[in-house]
Amino acid sequence: MYSLQGNEVQHQIAHTDVAYIGVSDNHRAGVSSLNTMTFPARYSRRAFIGGLAVTASGAIAGCLGQDDDPTVLSPGELSPAEGAGIPRNGDELPSVQVKSPLHERTVSTDAFVGERHVLLTYVFTRCTMACPLLAAALAMVQADAIASGYEDDIVCMPITFDPGYDDDEQLRTFSDAVGADPDRESWHFLRPDDPTHAEEIVTGNFGIEFRETEPEDEIDMPFMHTSAITLANVDGIVERTYAGRVPETTTVLDDTLEVVQAFE
Amino acid sequence: MRRRTLIAGTAGCLGLGVGAWAAFRHRPGSDATVEPVTIDSLWAPDEDETLQLPETGRVTLLEFFATWCTTCRSKMPILAEVHESIDETEVQMVSLTFEPVGTTVQPEDVIDWWDEHGGTWHVAHDEGLHFTRELGVANVPTTVVFDSENRLVHQSVGRHSRDELLGLLDDAGT
């Protein structure tokens, strides 16, 4: 496994023989009672609550007024890897402009605020360890969203920090391999302009440490990095960053579903 | 230097894994049994394409995999050797993928991968992610063994040798 000095425990890679087991980070005490209410499409729960506070009776407004938590999920159990720079429950989603090559345009990481819940992960396509698992977790959400009819409510945004290697073909091949459909609007594989830009965005804005290595053999990875997935709600507020280890396979999907349902 | 770091990190992760069992619904060594579920094979070695998983009366070797997983790919020849060595009246052997088969991954893609890598036993899709969720799977390959009464007796991640896998089946009562 690798370890970096600093405030981050790094992506734990055990070559191919032993990997790691994620700890359930779920705090699913139940979906908010607001889930049973019907909200207009593309209408944030916070905005809806705010509107109610103005127009509804004092009793209702008073009750809802206590709900000033901008997130659906609880903060969750913080892992040792969650450093100060990683956005966490309640933080605003960092806003940065990055190219989305397969869609031939530049998007902002907060471009979908008010429209879609956002899932980000930080990968390089040459990675054969954690990165496919991280991207596959997002692909699983995309696939479920397509199958279950909420695709317009989510967008998955893997970000590569290996822009020199990850050309359009690599981004597409990697996306296809992990089960994503990269041509859909629900999948934007983001690529910074160069390594400096990658560091500015991935480390500077999202607190994800990565470092290029000098592989000694073919199974050594050319980067070591923090394994992380960030889930932000449609209001652009981070619900959770799963950092330091790959979460249980169904955790990201289940948590995303909980957020989607809470905003319906 | 880096190797030592790797070993230390492995130990840390294994420690984490031990703690993680408490969070899982099923854990090895408990007397709780897993309720069998009927699933359809994506590919079957015979005409029996419907499975009871795990099957009461036989030890079950369940292998979680993904077609993008390089370790899963390299483990296939070992699994094939195990399949050749077992008595299938005593052992049920199934590989299961949690990939989004039927949506963005086509069944033919999995079957092609299976054929290319020499799979000769049942392979199926974990539809609804039932077993993935119940067993708290976080990585692939993940190896799971149930005894003949459907108790979870082993769960681990990564590569194993043929002898290690056969030993796990022996420990489960074959």
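In this convention, every chain numbers its residues from 1, walking through the sequence in written order. Both sets of labels track the order of writing: A upward for chains, 1 upward for ligands. With pLDDT at 70 or above as the cut-off, local features in this predicted model cover only qualifying residues; side-chain atom pairs require 80 or more to be listed or tallied, and sums for whole chains, interfaces and linings still use all residues. Water and hydrogen atoms play no part in the side-chain values, which are based on all heavy atoms of the structure.

### Describing the overall build of chain A
Right, on to step 1. Think of it this way: any DSSP run of H or I at least four residues long counts as a helix, any run of E at least two long counts as a strand, and we number them from the N terminus. Along chain A, the regular secondary structure elements total six helices and eight strands.
Right, on to step 2. Counting from the amino terminus, helix and strand elements in chain A follow one another as α-α-β-β-β-α-β-α-α-β-β-β-β-α.
Right, on to step 3. Classification of residues uses two cut-offs on accessible area relative to the type maximum, computed with a 1.4 Å probe and protein chains only: under 20% is buried, over 50% is exposed, and between them is partly exposed. Of all 264 residues assigned to chain A, the portion counted as buried reaches 59%.
Right, on to step 4. Between two residues, a contact is recorded if the distance between any of their heavy atoms is within 4.5 Å. Taking all contacts inside chain A whose residues are at least 6 apart in sequence as the whole, residues at least 24 apart take part in 72%.
Right, on to step 5. Residue exposure ignores everything except the shown protein chains as possible cover, and the areas themselves are Shrake-Rupley values with a 1.4 Å probe. When the accessible surface of chain A is split by element, carbon and sulfur atoms take 47% of a total near 10,200 Å².

### A short note on the overall build of chain B
Right, on to step 1. Across its full length, chain B carries five helices and seven strands.
Right, on to step 2. Every one of the 174 residues in chain B was classed for burial, and the buried ones make up 52%.

### A look at the pattern of salt bridges
Side chains that carry opposite charge are capable of pairing whenever their charged atoms lie near each other.
Right, on to step 1. One speaks of a salt bridge when a side-chain nitrogen belonging to Lys or Arg is within 4 Å of a carboxyl oxygen belonging to Asp or Glu. If you walk through the whole model with that rule in mind, you get 14 salt bridges over all chains.
Right, on to step 2. Through salt bridges that share partners, Glu151, Asp181 and Arg184 of chain A make up one connected network.

### Side note on the confidence of the model for chain B
Right, on to step 1. Mean pLDDT over chain B stands at 86; residues scoring 70 or higher make up 85%.
Right, on to step 2. pLDDT measures how confident the predictor is about each residue, on a scale from 0 to 100. Taken as a whole, residues 1-24 of chain B scores under 50 in pLDDT and shows 45 contacts with residues more than four places along the chain or in a different chain.

### Focus on the state of the cysteines
All names here are of chain B.
Right, on to step 1. Throughout, a disulfide means two cysteine sulfur atoms within 2.5 Å of one another. All told, the structure shown has one disulfide over all chains when counted by the stated rule.
Right, on to step 2. Here Cys69 connects covalently by a disulfide to Cys72, the sulfurs 2.4 Å from one another. Across the disulfide from Cys69 to Cys72, rotation about the S-S bond amounts to roughly 85°, and the bridge is consequently right-handed. An identical accessibility class is assigned to Cys69 and Cys72; each is buried.

### What about the environment of Glu164 of chain B?
Residues and elements named next belong to chain B.
Right, on to step 1. On the secondary structure map, Glu164 appears in helix α5 (residues 162-171).
Right, on to step 2. Under the relative-accessibility criterion, Glu164 is labelled partly exposed at 44%.
Right, on to step 3. Here the alpha-carbon distance between Glu164 and Val82, two residues 82 residues apart in the chain, equals 9.8 Å.

### What to know about the packing of aromatic side chains
Residue and element names in this part refer to chain A.
Right, on to step 1. Any two of the Phe, Tyr and Trp rings considered here, Trp counted by its six-membered ring, make a pair once their centres fall within 6.5 Å; the pair's planes then place it as stacked at under 30 degrees, edge-to-face at over 60, or tilted in between. Scanning the entire structure with this criterion turns up ten aromatic pairs over all chains.
Right, on to step 2. Judged by centre distance (5.6 Å) and plane angle (45°), the rings of Tyr122 and Phe206 are tilted. Linking Tyr122 in strand β3 (residues 117-123) with Phe206 in the loop between α5 (195-205) and β5 (210-212), this pair joins segments that are 84 residues apart in sequence.
Right, on to step 3. Residue class for Phe206 comes out buried when judged on its relative accessible area of 0%.
Right, on to step 4. One aromatic cluster is present, formed by Phe124, Phe161, Phe210 and Phe223 through successive ring pairs.
Right, on to step 5. We call a charge positioned over a ring when the NZ of a Lys or the CZ of an Arg lies within 6 Å of the ring centre and within 35 degrees of the ring normal. One Lys or Arg, Arg126, reaches over the ring of Tyr165 and ends 4.5 Å from the middle of that ring.

### Examining the sheet that holds strand β4 (residues 154-160) of chain A
Residues and elements named next belong to chain A.
Right, on to step 1. Pairing between two strands requires that DSSP report at least two bridges joining them. Read across the sheet, four strands follow the order β4-β3-β7-β8 without closing on themselves; strand pairing throughout is mixed. In this open sheet, the two edge strands, each paired with only one partner strand, are β4 and β8 (238-243). Pairs of neighbouring strands in the sheet enclose a mean axial angle of 15°, with direction left out of account.
Right, on to step 2. With seven bridges connecting them, β3 and β4 associate as parallel partners. When the sheet's bridge partners are listed, Thr121 is paired in β4 with Pro158. Only the contacting stretch of a helix is used when fitting its axis, a line to C-alpha atoms as for every element, and angles between N-to-C directions run 0 to 180 degrees.

### Description of the packing of helix α3 (residues 130-148) of chain A against helix α6 (residues 251-263) of chain A
All names here are of chain A.
Right, on to step 1. One way to put it is that α3 packs onto α6 with a least axis distance of 8 Å and a crossing angle of 45°. The pairing of α3 with α6 is recorded here as oblique in orientation. By crossing handedness, the relation of α3 to α6 is classed as right-handed. On α6, the residues that touch Ala137, Met140, Val141 and Asp144 of α3 are Val252, Leu253, Thr256 and Leu257.
Right, on to step 2. Note on residue classes: Ala, Val, Leu, Ile, Met, Phe, Trp, Tyr, Cys and Pro are nonpolar, Asp, Glu, Lys and Arg are charged, and everything else, Gly too, is polar. In the contact of α3 with α6, the residues fall into six nonpolar, one polar and one charged. When describing relative orientation, an angle under 35 degrees is termed roughly parallel and one over 145 degrees roughly antiparallel, while 65 to 115 degrees is termed roughly perpendicular and anything else oblique. Here a crossing is called left-handed whenever its near helix is offset anticlockwise from the far helix by less than a right angle, and right-handed whenever the offset is clockwise.

### Looking at the layout of surface pockets
Right, on to step 1. The way it works is a 1 Å grid over only the protein atoms, where trapped points that fit a 1.4 Å probe form a cavity and open points with protein on both sides within 12 Å along at least five of seven lines form a pocket, and then any residue with an atom within 4 Å of a point lines it. Grid points are joined across faces, edges and corners, and a volume is the space filled by probe spheres set on the points. Its boundaries defined by the atoms lining it, the largest pocket holds a volume of some 420 Å³.
Right, on to step 2. What lines the largest pocket is a set of 24 residues, among which Thr173, Ala177 and Val178 of chain A together with Thr67 and Trp68 of chain B lie closest to the centre.
Right, on to step 3. The set of elements that each furnish at least two residues to the lining of the largest pocket consists of α4 (168-177) of chain A together with α2 (70-85) and α3 (107-116) of chain B.
Right, on to step 4. For the lining of the largest pocket, the leading source of residues is α4 of chain A, giving five residues.
Right, on to step 5. Here the residues of the lining of the largest pocket sort into ten nonpolar, nine polar and five charged.

### Quick look at the sheet that holds strand β1 (residues 37-43) of chain B
Residues and elements named next belong to chain B.
Right, on to step 1. In spatial order, the strands read β2-β1-β5-β4-β3-β6-β7; together these seven strands make up an open sheet with mixed pairing. The open sheet has two free edges, formed respectively by β2 (50-53) and β7 (152-157), since each of these has just one partner strand. Here the strands of the sheet are splayed against their neighbours by 35° on average, with no regard to which way each runs.
Right, on to step 2. Looking at chain direction, strand β3 (residues 59-65) and strand β6 (residues 142-146) are connected through five bridges and run antiparallel. Within β6, the residue paired with Phe64 across the bridge is Thr142.

### Here's the deal with α3 of chain B
All names here are of chain B.
Right, on to step 1. Every buried residue of α3 is accounted for by Val110, Trp113 and Trp114. When α3 is viewed along its axis, its buried side chains cluster within an angular range of 100° and face the same direction. Facing away from the buried side of α3 by more than 90 degrees, the exposed set consists of Asp115 and Glu116.
Right, on to step 2. The inward-facing, buried residues of α3 contact β1, β3, α2, β4 (91-97) and β5 (122-125). This arc is taken over the directions from the axis of the helix to the C-beta atoms.

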